[in-house]
Amino acid sequence: MSVRLFAIPIAVLHSSVWKTTQFPSPTTKKKMWFILKIFNLQVLGLLFVGAIHCQALVNYTFVVEEAPYTRLCSTKNILTVNGQFPGPTLYVHKGETIFVDVHNKGNYNITIHWHGVKQPRNPWSDGPEYITQCPIQPGGRFRQKIIFSTEEGTLWWHAHSEWWRATVHGAIIIYPKNGTNYPFPLPHAEVPIIFGEWWKQDILKIYNETVVTGGAPNVSDAFTINGQPGDLYPCSKPDTFKLKVDHGKTYLLRLINSAVQDILFFAIAKHNVTVVGTDGSYTKPLVSNYVTISPGQTIDVLLKANKQADHYYMAAKAYSSSSAVTFDNTTTTAILQYNGNYTPSSPPSLPHLPSYNDTNASISFTNSLRSLANEKHPIHVPINITKNLFFVISINVFPCANNSCAGPNGSRLATSVNNISFVNPSIDILQAYYYHVNGVFGTRFPDFPPLLFNFTAEDLPLYLETPKHGTKVKILDYNTNVELVFQGTSLVGGNDHPMHLHGFSFYVVGSGLGNFDKDKDPLGYNLVDPPHQNTIAVPIDGWTAIRFKADNPGVWFMHCHFDRHMTWGMDMAFVVKNGKGPQQDILAPPPDMPPC
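Residues numbered from 1 in each chain as written. Predicted model: local features only at pLDDT ≥ 70, side-chain atom pairs only at ≥ 80, totals over all residues. Heavy atoms only, no water.

Tell me about the overall build of the protein, and please be specific about residues and values.
Counting its secondary structure elements, the protein contains five helices and 32 strands. For the protein, the C-alpha radius of gyration of 25 Å lies close to 25 Å, the compact-globule estimate for 596 residues. Across its three principal directions, the C-alpha atoms of the protein cover 95 × 70 × 50 Å. Looking at the 596 residues of the protein, the share that counts as buried comes to 58%. Of all intrachain contacts in the protein linking residues separated by at least 6 positions in sequence, the fraction that spans at least 24 positions is 78%. Accessible surface for the protein amounts to roughly 24,800 Å². Of this, 54% is attributable to carbon and sulfur atoms. The positive charge centre, built from 44 side chains, and the negative charge centre, built from 42, are 11 Å apart in the protein. (Helix = DSSP H or I, 4+ residues; strand = E, 2+ residues; numbered from the N terminus. Rg over C-alpha atoms; globule rule 2.2 N^0.38 Å. Buried < 20%, exposed > 50% of the residue type's maximum accessible area, 1.4 Å probe, protein only. Contact = heavy atoms within 4.5 Å. Areas by Shrake-Rupley, 256 points an atom, 1.4 Å probe, with all protein chains shown as cover. Lys, Arg positive; Asp, Glu negative; His and termini not counted. Charge placed at Lys NZ, Arg CZ, Asp CG, Glu CD.)

Written as structure tokens, this is what we have:
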């Protein structure tokens, strides 16, 4: 029996502590039968106690509660897990299963999503509100079973109701299976670097104003690194996050973009980083002097501390491609601090970051990612496609009576996929599907948009801006090989769209600017070593093609990870039908699903 000890210091997270009990075998049964009998009773007792102990060791407790936090010279209550911001980190090994007991001691409904965890056959614990569960109400609790399978690297968890994920989020670190190693030299230490956003106002007030007025939300007042804005903001310098390093050693930085509304550029002054993973999958080493990271995305980088001993800024700021979108144009910083005796530069050096609207820089980094794709880490890109989907993703508007809303020309801002602006049902889609409840959702989500037009033209007819409301799903047979092309549009100014698919990782086989050409563009697909991701930024006025095998039965949400776009309707869900035999069926629901 092997027992995991989870309390592992960050600097020694490369190894786990194990305890093994070996049972003796008697050589002469006649002489040893009495001793064996007593021993067997002891073993049964050990197994019973050990089983309880193992059960406890793979349990985490998440208490959702308000806690006071001071940032930018003022204090407010924020929603947290266990009073922590960012929240607690989960540590697992590839292929393990853990349980998280979520207790809602806050005053608002909540759900928790395990971003990038495929949850094979187990959509019940995936977490998106009204898609796979109804929210955990104040005073309620839900024991979520988190099944890890092929993921390895860095993922994260976050709230998936309203915009609570602004403060309710944390890292998931997935180590290689015991007996295997990283596909790169063991780093001296590993550090999560979590990017976030901070509003002086209450995030629920921001959300409610956005929903009620129909306009764009107020931009954040600061970005953060590990919960801290950094030196360039008022009242922030004493608490700036510091990463202390020894010269000559290598550090694994696990980057997570938990920002609610923004793609970010990140860099470290006078240092390159080597990308080795993204979204829980390894990549070929990519040396770069900056990183582009979308909301929802994770990127693992190696940092070699090989510069002159000093203090250097790590910095992140928004990439915002659309002139029609206001954004937080501030810069968050942390400090890379070399250990030793020296007089540091004051102030530290700032890194050179691409301009806020440098689309080429964003695309260049994203398109440079390649799967490791070697013998120990093979990839399986679907080749014989059995379902082609073409999803047009747009910013839209709905008219308001007397032009009374806060969107363009008095309209209400909206978004859509194939001209359908998603509407949450009154009970979750998974429950309705599993128990055959009629009238909750439609099953005819279109494979293609209802109208074909020049999607990225500068001037488009106004009638194209208004979509239809709907709650529709796309049904896929088990093991369908899917190619899905996302096509952006220039409607209402256009924008990038970081699209996230629950329940799967997908291969990003192609991307480009302008309109997708079904005859020419597939000729340039990368089917050899495309990156394996769960979140991909579709470029402004451009397209991205992904492929995946629909081998995970259940209901799986797909949406833009800009939360304003998700709230406005850039969402849909796939229903993957059961396959053949019980090992290809959805697992039975847990007994404590939150009531609707």
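What follows continues from the structure just given.
Which residues make up the side chain of K317, and what are the values?
Relative to the elements of secondary structure, K317 occurs in strand β18 (residues 311-319). Although K317 is buried, it makes no salt bridge; D358 carries the closest opposite charge, 9.0 Å away. Within polar-contact distance, the side chain of K317 engages the backbone oxygen of P354 at 3.2 Å. (Salt bridge = Lys/Arg side-chain N within 4 Å of Asp/Glu carboxyl O. Polar contact = N/O pair within 3.5 Å; in protein donor to acceptor, adjacent residues only side chain to side chain.)

Could you give me a rundown of the packing of aromatic side chains, with the residues and numbers involved?
For any two aromatic rings, the description comes down to two numbers: the centre-to-centre distance and the angle of the planes. In total, this model carries 26 aromatic pairs according to the counting rule given. Judged by centre distance (5.9 Å) and plane angle (80°), the ring pair of Y69 and F85 falls under edge-to-face. Of this pair, Y69 sits in strand β1 (residues 59-71) while F85 sits in the loop between β2 (74-81) and β3 (90-93); the two residues are 16 residues apart in sequence, bridging distant segments of the chain. On the accessibility criterion, Y69 (16% relative accessible area) is buried. The buried category is assigned to F85, whose relative accessible area is 9%. (Phe/Tyr/Trp six-rings, centres within 6.5 Å; stacked < 30°, edge-to-face > 60°.)

Describe in detail the pairing of strand β25 (residues 480-488), supporting the description with residues and values.
Working note: regular strand, side chains alternate between the two faces of the sheet. Along β25, nine of the nine residues are buried, which leaves the element largely enclosed by surrounding structure. Examined bridge by bridge, strand β20 (residues 387-398) and β25 share seven bridges and lie parallel to one another. Bridging from a neighbouring strand, V392 pairs with Q487 of β25. With eight bridges connecting them, β25 and strand β30 (residues 542-550) associate as antiparallel partners. (Pairing = 2+ DSSP bridges.)

Quick one: what's the story with the pattern of salt bridges, residue by residue and with numbers?
Side chains that carry opposite charge are capable of pairing whenever their charged atoms lie near each other. In total, this model carries 14 salt bridges according to the counting rule given. R165 is the salt-bridge partner of D563, the closest N and O atoms lying 3.0 Å from each other. Of the two residues, D563 is situated in helix α5 (residues 563-568) and R165 in the loop between β7 (153-159) and β8 (169-175); the sequence distance between them amounts to 398 residues. Here D563 matches R165 in class, with each residue buried. Connected through shared salt-bridge partners, E190, R254 and D300 make up one network.

As far as function goes, none of this settles anything; it's purely spatial.
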